[in-house]
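Close look at the chain arrangement
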Amino acid sequence: MNLTHLDDKNRPKMVDVSAKDDTSRVAVASGTISMSQEAFDAIISNNTKKGPVLQTAVIAAIQGVKKTSDLIPMCHPLLLSGINCDIEEVPSLPGFKLYVTAKLNGQTGVEMEALTGVSVGLLTIYDMVKAIDKSMIISEVQLEHKSGGKTGTFDRKDM
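Residues numbered from 1 in each chain as written. Predicted model: local features only at pLDDT ≥ 70, side-chain atom pairs only at ≥ 80, totals over all residues. Heavy atoms only, no water.

A word on the layout of surface pockets
If a probe the size of a water molecule is rolled over the atoms, the empty space left behind becomes visible. Taken as a whole, the largest pocket holds about 330 Å³ of empty space. Lining the largest pocket we find 15 residues, and of these H5, V15, M74, H76 and T108 sit closest to its centre. Grouping the amino acids of the lining of the largest pocket by side-chain chemistry returns six nonpolar, five polar and four charged. Its boundaries defined by the atoms lining it, the second largest pocket holds a volume of some 170 Å³. (1 Å grid on protein atoms, 1.4 Å probe; cavity = no way out; pocket = protein on both sides within 12 Å on 5 of 7 lines; lining within 4 Å. Points joined across faces, edges and corners; volume = space filled by probe spheres on them. Nonpolar A, V, L, I, M, F, W, Y, C, P; charged D, E, K, R; others polar.)

Focus on a nonpolar patch on the surface
On the surface, L71, I72 and M112 cluster together to form a nonpolar patch covering roughly 240 Å² of accessible area. Among the structural elements, L71 can be located in helix α3 (residues 68-71). Classification of L71 by relative accessible area gives exposed; the value is 54%. (Patch = residues over 30% accessible without salt bridge, like charges linked within 9 Å, V, L, I, M, F, W, Y side chains within 5 Å. Areas by Shrake-Rupley, 256 points an atom, 1.4 Å probe, with all protein chains shown as cover. Salt bridge = Lys/Arg side-chain N within 4 Å of Asp/Glu carboxyl O. Helix = DSSP H or I, 4+ residues; strand = E, 2+ residues; numbered from the N terminus. Buried < 20%, exposed > 50% of the residue type's maximum accessible area, 1.4 Å probe, protein only.)

Observations regarding the sheet that holds strand β2 (residues 82-90)
Across the sheet, five strands lie side by side as β2-β3-β1-β4-β5; this open sheet has antiparallel pairing. Each edge of the sheet is formed by a strand with only one pairing partner; in this case those strands are β2 and β5 (154-155). Both β2 and strand β3 (residues 95-106) contribute to a ladder of nine bridges, which runs antiparallel. Within the sheet, the bridge partner assigned to D86 lies in β3 and is Y99. Across the face of the sheet, helix α1 (residues 37-44) comes into contact with β2 and β3 while running at roughly 55 degrees to β3. Those strands touched by helix α4 (residues 111-129) are β1 (23-34), β3 and β4 (137-147), and its axis lies near 25 degrees from that of β1. (Pairing = 2+ DSSP bridges. Contact = heavy atoms within 4.5 Å. Axes fitted to C-alpha atoms, helices over the stretch in contact; angles between N-to-C directions.)

Structure, rendered in structure tokens:
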């Protein structure tokens, strides 16, 4: 198997994408955080000591997308054209599901950026309410959709 992040002398390298065509690329990732009813209620009622949890998580998710190449060694710095973040209340957990969409026109995909954004957003929720509930669980961080590039479209719902 030919590993793309190793050169012919088995040294780490960043993949050269200069020969690839620019295409419109989109990735959507999601993840969940489950917590105690007390923590969930504090977030919903905006009654936490650290401020507005969900709004802060959205900002953190956007920052996570933008900083992916600083955190993941072989990711290319990207000129992103759009980032969107949605948070869905899931009272049955209780908890939240976070979605991040990353877009660009370029030579490489944005899956890692969307996944990193979800992870950072969920970690921010944890950080902001850990004084109420240290037993929160972050789970199911996953790619939901990607389009563009030579591998085409992936949709989790089609699996």
